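An overview of the molecular structure
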Amino acid sequence: MKARVTVTLKTGVLDPQGKAIEGALKTLGFAGVGSVRQGKVFDVELDGSDKAGAEEALKAMCEKLLANTVIENYSVSVS
Amino acid sequence: MKSAVVLLPGLNRDRDMIAALTKISGQAPDTVWQTDTEIPDVDLIVVPGGFSYGDYLRCGAIAARMPVMRAVAEKAQKGVMVIGVCNGFQILLEAGLLPGALMRNASLKFVCREVRLQVANANTAFTRRYQPGQVIRCPVAHHDGNYFADADTLKRIEDGGQVVFRYAEGTNPNGSVNDIAGIMNARGNVLGLMPHPEDLIEDAHGGADGRPLFESVLGIAA
């Protein structure tokens, strides 16, 4: 199974990198960019075919390592 | 007092820390490797600075999940003193031994310079050889030292006297909330700080403002 984990900064956490990216997009002339928040994507290959079990495992991975839940939210999707 | 220094791949300030502890305590610290599950019987454990695991994922994130850090947590639970400096601070946060997180510097730049630190709480095991409010010199060298905690956590650590060091006015190098440079846990036996007191312990360093921190925690008369 292929899974994708997306980790984003929580609302209210300052994101200097996102701000810099936002500034660069504006410099490039992209109009209408309100704001940019940067995050991380992990593509994970999993054995087996138990989708619910995989989601459970991925959430545990996020809680224990992939995300820092002090500052980050995460979401998982298994295809 | 006996001490131990935690070694992980990618740390590069371990030798400075070992030298400082040896010079100040008169005996070389033990060293423990990332895979060690037991730490010798010591009074102080130090996690030094550097770039453990190349700062992959998040600074300190992978190091914090190594077996040795479970052993550090167990020792901290028993009341053993623990200090994390720079990457060591990031590791202690990622390991959940201290509250909050360290983000990329607000300037997005690596900062390597001297700052001034105010001793925000001199009534701790780490700072009793300083005067309350004393301002000291200390070098910093980091890319991710921008301390963040949610409003509730921030209030709790401020009210509880857990903010131990602040960047003195006008010297905050990274955008840390409330100018926070170093914090301790509620129990007062685990300290994390971004600046490097081990690099300012003798005249050859150009000053010894960092020395009282080690003298405090090691129980050595100045």
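All of these numbers come straight from a predicted model, not from anything done at the bench.

Analysis parameters
Residues numbered from 1 in each chain as written. Chains lettered and ligands numbered in written order. Predicted model: local features only at pLDDT ≥ 70, side-chain atom pairs only at ≥ 80, totals over all residues. Heavy atoms only, no water. Helix = DSSP H or I, 4+ residues; strand = E, 2+ residues; numbered from the N terminus. Rg over C-alpha atoms; globule rule 2.2 N^0.38 Å. Buried < 20%, exposed > 50% of the residue type's maximum accessible area, 1.4 Å probe, protein only. Contact = heavy atoms within 4.5 Å. Areas by Shrake-Rupley, 256 points an atom, 1.4 Å probe, with all protein chains shown as cover. Lys, Arg positive; Asp, Glu negative; His and termini not counted. Charge placed at Lys NZ, Arg CZ, Asp CG, Glu CD. Axes fitted to C-alpha atoms, helices over the stretch in contact; angles between N-to-C directions. Left-handed = near helix turned anticlockwise from the far one by under 90°. Nonpolar A, V, L, I, M, F, W, Y, C, P; charged D, E, K, R; others polar. Salt bridge = Lys/Arg side-chain N within 4 Å of Asp/Glu carboxyl O. pLDDT = per-residue confidence, 0-100. Pairing = 2+ DSSP bridges. Buried area = accessible area lost by both parts, 1.4 Å probe.

Side note on the overall build of chain A
The helix and strand tally for chain A stands at 2 helices and 3 strands. Each helix (α) and strand (β) of chain A, taken in turn from the N terminus, gives the series β-α-β-α-β. Here chain A has a C-alpha radius of gyration of 16 Å; the compact-globule value for 79 residues is 12 Å, and the former is much larger. For chain A, with 79 residues in total, the buried portion stands at 29%. Taking contacts inside chain A between residues at least 6 apart in sequence as the whole, the part at least 24 apart equals 67%. Only carbon and sulfur atoms are counted for the fraction: they give 56% of the accessible area of chain A, which is about 4,900 Å². Averaging the coordinates of the 10 positive side-chain charges in chain A and doing the same for the 10 negative ones gives two points 7 Å apart.

Observations regarding the packing of helix H1 (residues 14-25) of chain B against helix H5 (residues 211-218) of chain B
Residues and elements named next belong to chain B. Running from N to C, H1 and H5 cross one another at 65 degrees; their axes reach a closest spacing of 10 Å. Judged by the sense of rotation from one axis to the other, the crossing of H1 with H5 is right-handed. When H1 is examined against H5, the residues Met17, Leu21, Lys23, Ile24 and Ser25 are found in contact with a partner set consisting of Arg211, Phe214, Glu215 and Leu218. Looking at the contact of H1 with H5 residue by residue, the classes come out as 5 nonpolar, 1 polar and 3 charged.

A closer look at the pattern of salt bridges
All names here are of chain B. Enumeration according to the criterion identifies 16 salt bridges over all chains in this entry. For the salt bridge of aspartate 159 with lysine 155, the shortest nitrogen-to-oxygen distance reads 2.5 Å. Of the two residues, aspartate 159 and lysine 155 both sit in helix H4 (residues 151-159), 4 residues apart, roughly one turn of that helix. Looking at aspartate 159, the relative accessible area reads 57%, which means it is exposed. Linking arginine 211 and glutamate 215 is a salt bridge whose minimum nitrogen-to-oxygen distance equals 3.1 Å.

Focus on the confidence of the model for chain B
Chain-level statistics for chain B give a pLDDT mean of 97 and a share of 100% at 70 or above. Interface confidence in the predicted complex, given as ipTM, is 0.86; pTM for the same model is 0.94.

Examining the sheet that holds strand E3 (residues 72-78) of chain A
Residues and elements named next belong to chain A. Strand order in the open sheet made by the 3 strands is E2-E1-E3, with antiparallel pairing throughout. Across the chains shown, the open sheet's two edge strands, defined by having one partner strand only, are strand E2 (39-45) and E3. Between one strand axis and the next, the sheet turns through 15 degrees on average, direction left out of account. Taken together, the 7 bridges between strand E1 (residues 2-9) and E2 define a ladder with antiparallel strand orientation. Across the sheet, residue threonine 8 finds its bridge partner in E2, namely glycine 39.

Re the interface of chain A and chain B
Each side of the interface is counted separately: chain A has 17 residues, and chain B has 14 residues. Carbon and sulfur atoms make up 68% of the surface buried where chain A meets chain B, a total of about 1,200 Å² over both sides. When the buried area of chain A at its contact with chain B is split by residue, Pro16, Leu65 and Val70 of chain A rank highest and sum to 36% of it. Here chain A is connected to chain B by 1 salt bridge. With its nearest N and O atoms 3.8 Å apart, the salt bridge here joins arginine 58 of chain B to glutamate 72 of chain A. Sorting the residues of the side of chain A that touches chain B by element identifies helix H1 (16-27), E2 and helix H2 (51-66) of chain A as the ones contributing at least two each. Partitioned by chemical class, the residues of the side of chain A that touches chain B number 11 nonpolar, 3 polar and 3 charged.

What about the pairing of strand E10 (residues 180-184) of chain B?
When a strand is regular, its side chains alternate between the sheet's two faces. All names here are of chain B. E10 sits mainly inside the fold: 5 of its 5 residues count as buried. Pairing analysis gives 3 bridges linking strand E9 (residues 163-167) to E10, with the strands arranged antiparallel. Paired with arginine 166 across the bridge in E10 is isoleucine 180. Pairing of E10 with strand E11 (residues 190-193), which is carried by 3 bridges, proceeds in the antiparallel orientation. Note that in E11 the partner of glycine 182 across the bridge is leucine 193.

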